[in-house]
Amino acid sequence: MNQTIVNCAALLTLTLLTACSGQKADRPAATQAERDALAKDLVGQVKTTPDATSTATSLALYKADLARRISQVNSLQVHAERPQALLRSVIVIHYVIDQDGKLVRSNIVRSNHDKTAEATALASLRHTAPFPKPSAALLGKSTGSIELAETWLFNDDGRFQLRSIAQPQQDH
């Protein structure tokens, strides 16, 4: 487990440094299997019980944990500074996570029809799954799942922040 944490930390550091430098890494793009493995490792590191259940006690805390996870897994596509004053695109996605942390469905509920931003937002959500399991207290009694909505804020460069954890937009 400690080696896994070290490996994940090294990979995240490399991707953040690469994103900040604006250069591509010397390694090929991660495969879906590598992204899945990284997401699973991250799930094991963030405030969960031994069975990977989130310790978040409210919907807002769980949503913020998921936003941080999406940002970590998709770090090369995340804008780290304050979002620009006039955003390129704002995409709102409604999504459902089941009791096991699996992404059940997702759909765009608000968009300016920027197909590239829409595809990036949906892909970043899919690439992050599986998520920490929601606690039983957060699950819908009849559905056994949790429904959330998140907003992707896109700058002109195509990188995004998630509204749940975004810095305030620039004034001008």
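Provided above is the structure to which this section pertains.
Just so it is clear, the structure is predicted and the values come from calculations on it, not from any experiment.

Enquirer: Pulling in residues and values, what's your account of the side chain of asparagine 155?
Expert: One can find asparagine 155 in the loop between strand S3 (145-154) and strand S4 (160-162). Ignoring sequence-local partners within four residues, the contact set of asparagine 155 consists of His79, Arg82, Pro83, Gln84, Leu87 and Arg88.

Enquirer: Run through the sheet that holds S3, naming residues and quoting values.
Expert: With antiparallel pairing, four strands are arranged side by side in an open sheet as S2-S1-S3-S4. Looking at the sheet topology across the chains shown, the edges are occupied by strand S2 (103-110) and S4. Geometrically, the sheet is characterised by an average inter-axis angle of 30° between neighbouring strands, direction not taken into account. Of the strand pairs in this sheet, S3 and S4 are connected by three bridges, and their pairing is antiparallel. Considered in S4, the bridge of tryptophan 152 is made with leucine 162. Packing against the sheet, helix H3 (residues 59-73) makes contact with strand S1 (89-98), S3 and S4, and its axis sits at approximately 50° to S3. Across the sheet, helix H4 (residues 115-128) is in contact with S1, S2, S3 and S4; its angle to S1 comes to roughly 30°.

Enquirer: Could you give an account of the nonpolar core, naming the residues involved and the relevant values?
Expert: In this structure, Tyr62, Ile93, Ile97, Phe131 and Trp152 are the most contacted members of the largest nonpolar core, which totals 23 residues. Secondary structure elements with two or more residues in this core: H3, S1, H4, S3 and S4. Excluding residues within four positions of it along the chain, isoleucine 93 makes contact with Ser106, Asn107, Ile108, Val109, Ala121, Leu122, Leu125, Leu148, Ala149, Glu150 and Trp152.

Enquirer: Quick one: what's the story with the packing of aromatic side chains, residue by residue and with numbers?
Expert: The final tally for this structure, using the stated rule, is two aromatic pairs. Relative to phenylalanine 160, the ring of phenylalanine 154 lies with its centre 5.7 Å away and its plane at 55°, an arrangement referred to as tilted. We classify phenylalanine 154 as buried; its relative accessible area is 1%. With a relative accessible area of 0%, phenylalanine 160 lands in the buried category.

Enquirer: Go over the environment of arginine 88 with me, naming the residues and quoting the values.
Expert: Assignment of secondary structure puts arginine 88 in the loop between H3 and S1. Expressed as a C-alpha distance, the spacing of arginine 88 and aspartate 156, which sit 68 residues apart in the sequence, is 5.1 Å. In this structure, arginine 88 is in contact with Asn112, Asp114, Thr116, Ala117, Phe154, Asn155, Asp156, Asp157 and Gly158, ignoring residues within four places of it in sequence. At 2.7 Å, the side chain of arginine 88 forms a polar contact with the side chain of aspartate 114.

What counts, and at which threshold
- Residues numbered from 1 in each chain as written.
- Predicted model: local features only at pLDDT ≥ 70, side-chain atom pairs only at ≥ 80, totals over all residues.
- Heavy atoms only, no water.
- Helix = DSSP H or I, 4+ residues; strand = E, 2+ residues; numbered from the N terminus.
- Contact = heavy atoms within 4.5 Å.
- Pairing = 2+ DSSP bridges.
- Axes fitted to C-alpha atoms, helices over the stretch in contact; angles between N-to-C directions.
- Core = buried A, V, L, I, M, F, W, Y, C linked by side-chain atoms within 4.5 Å.
- Buried < 20%, exposed > 50% of the residue type's maximum accessible area, 1.4 Å probe, protein only.
- Phe/Tyr/Trp six-rings, centres within 6.5 Å; stacked < 30°, edge-to-face > 60°.
- Polar contact = N/O pair within 3.5 Å; in protein donor to acceptor, adjacent residues only side chain to side chain.

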